[in-house]
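# Working through the structure, step by step
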Amino acid sequence: MRIAILTGAGISAESGLGTFRDQDGLWTKYDLNDVATPQGFARNPRLVHDFYNARRANCVQAAPNAAHQALADLASGPHDVTLITQNVDDLHERAGSPAVVHMHGELMRAVCASCDARWDAPLEMDPKDPCPACHVQTTRPDIVWFGEMPYMMDDIAQAVTAADLFVAIGTSAEVYPAAGLVELARGDTLEINLEPSARANAFENHRFGLATDIVPAWVAELR
Ligand code: OAD
């Protein structure tokens, strides 16, 4: 069976990484216009680097949980699995998932806004860091900000359309185009989340609860 999976911040919540829109979520403490837009970065690169440096530090301390592990196990079985994530953490990779599609970029990667070179981000990025390729001081975290185009959209659309089963895990479905992927699904659709998302009605099937309970149980049924 071809399975396309979309994950969001909810899958990493039990690893201790904050979600965005839950009570106490990151967007209740920070204005996303300041830290997650190209305009915010142009106004105050120090603030934006500090924000992502703090998130990178949290990420390094965190460990993959049973839900990340179950998805890695699923990929090693007989099914053809495409794992798409909105998350910028590397917990899917550390659990052992191969070829994770990071549609919103990666905390652990840096990009040069001048020449588009990419490299592994240091733990602490600084607005004065020169690009290793062109030496201009325009380095930024390799994160897709609001107003920018998510990565790999053609491949993602193709994988979701071709899938026999599309599953969304731990996402509020408030951010597009990720939230609209369910519309492309031709096969079965399943939402796994703590509560119904904004697009819950677009899914045929639902399982509500903690990702670390629901995802391993669902994977066990498939194997
Ligand atoms: P959100 O914070 O919007 O939503 C997280 C979802 O996970 C919510 O629906 C929660 O109910 C659910 N949830 C929380 N804890 C859970 C748990 N233990 N088990 C299962 N579900 C749980 O996060 P995303 O939907 O991922 O983009 O946010 C999408 C994008 O908005 C992010 O990629 C980020 C953000 O702004 C950028 O920064 C560009």
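Residues numbered from 1 in each chain as written. Predicted model: local features only at pLDDT ≥ 70, side-chain atom pairs only at ≥ 80, totals over all residues. Heavy atoms only, no water.

Within the secondary structure, Pro-130 sits in the loop between β5 (118-120) and β6 (139-143). The spacing of Pro-130 and Ala-42 is 88 residues in sequence and 16 Å in space, taken between C-alpha atoms. The residues contacting Pro-130, other than those within four sequence positions of it, are His-135, Val-136, Gln-137 and Thr-139. (Helix = DSSP H or I, 4+ residues; strand = E, 2+ residues; numbered from the N terminus. Contact = heavy atoms within 4.5 Å.)

Next up on the list: the site of the ligand. In the vicinity of the ligand, 24 residues are found, and the nearest of them are Phe-20, Arg-21, His-104, Thr-171 and Ser-172. For the ligand, an oxygen atom lies 3.2 Å from a polar atom in the backbone of Gln-86. At a separation of 3.3 Å, an oxygen atom of the ligand approaches a polar backbone atom of Gly-170. For the ligand, whose unbound accessible area comes to 800 Å², protein coverage reaches 96%. (Near = heavy atom within 4 Å. Polar contact = N/O pair within 3.5 Å; in protein donor to acceptor, adjacent residues only side chain to side chain. Areas by Shrake-Rupley, 256 points an atom, 1.4 Å probe, with all protein chains shown as cover.)

Our focus in this paragraph is helix α8 (residues 153-162). Residues of α8 that are buried: Met-153, Ile-156, Ala-159 and Val-160. The arc that holds the buried residues of α8, viewed along the axis, is 130 degrees, so those residues lie on one side. The outward face of α8, more than 90 degrees from its buried face, is lined by the exposed residues Asp-154 and Gln-158. Buried residues belonging to α8 abut β1 (2-7), β2 (80-85), β3 (101-102) and β7 (165-169). (Buried < 20%, exposed > 50% of the residue type's maximum accessible area, 1.4 Å probe, protein only. Arc of directions from axis to C-beta.)

What follows deals with the packing of aromatic side chains. In the structure shown here, the tally under the stated rule is 7 aromatic pairs. Residues Tyr-30 and Phe-51 carry aromatic rings whose centres are separated by 4.7 Å and whose planes lie at 70 degrees to one another, so their mutual orientation is edge-to-face. With Tyr-30 in the loop between α2 (26-29) and α3 (32-35) and Phe-51 in helix α5 (residues 45-61), the pair connects residues that are 21 residues apart, well separated along the chain. Exposure remark for Tyr-30: the relative accessible area of 36% places this residue in the partly exposed category. Plain terms: the ring middles of Phe-41 and Trp-145 are 5.2 Å apart, the flat faces sit at 45 degrees to each other, and that makes the pair tilted. Of the two residues, Phe-41 sits in helix α4 (residues 38-43) while Trp-145 sits in the loop between β6 and α8, which places them 104 residues apart along the sequence. Per residue, the accessibility class of Phe-41 equals that of Trp-145, and both read buried. Feature note: the residues Phe-20, Trp-27, Tyr-30, Phe-41, Phe-51, Tyr-52 and Trp-145 constitute an aromatic cluster, connected by ring pairs. (Phe/Tyr/Trp six-rings, centres within 6.5 Å; stacked < 30°, edge-to-face > 60°.)

Strand order across the open sheet formed by 6 strands is β3-β2-β1-β7-β8-β9, with parallel pairing between neighbours. Since the sheet does not close on itself, it has two edges, and those belong to β3 and β9 (205-208), each with one partner. Bridge count for strand β8 (residues 188-193) against β9 is 4 bridges, and the pairing is parallel. Its bridge partner being in β9, Glu-191 is matched across the sheet by His-206. (Pairing = 2+ DSSP bridges.)

Let us look at the pattern of salt bridges. For the coordinates displayed, the defined rule picks out 11 salt bridges. Between Asp-164 and Arg-2 there is a salt bridge, and its shortest N-O distance comes to 3.8 Å. Taken together, the residues span a long stretch of sequence, with Asp-164 in the loop between α8 and β7 and Arg-2 in strand β1 at a distance of 162 residues. A salt bridge links Arg-109 to Asp-120, with the nearest nitrogen and oxygen atoms 2.8 Å apart. In this pair, Arg-109 sits in strand β4 (residues 105-112) while Asp-120 sits in strand β5, placing the two residues 11 residues apart along the sequence. Beyond isolated ion pairs, a larger network of salt bridges with shared partners links Arg-46, Asp-50 and Asp-126. (Salt bridge = Lys/Arg side-chain N within 4 Å of Asp/Glu carboxyl O.)

Here we take up the packing of helix α6 (residues 66-75) against helix α9 (residues 211-222). Where α6 contacts α9, the two axes come as close as 8 Å, and the packing angle between them is 20 degrees. One way to sum up the angle between α6 and α9 is to call them roughly parallel. Crossing angle aside, the handedness with which α6 passes α9 is left-handed. Between α6, through Ala-66, Ala-67, Ala-70, Leu-71 and Leu-74, and α9, the contact on the second element is made entirely by Ala-211, Thr-212, Val-215, Pro-216, Trp-218, Val-219 and Leu-222. Here the residues of the contact of α6 with α9 are counted per class, giving 11 nonpolar, 1 polar and no charged. (Axes fitted to C-alpha atoms, helices over the stretch in contact; angles between N-to-C directions. Parallel < 35°, antiparallel > 145°, perpendicular 65-115°, else oblique. Left-handed = near helix turned anticlockwise from the far one by under 90°. Nonpolar A, V, L, I, M, F, W, Y, C, P; charged D, E, K, R; others polar.)

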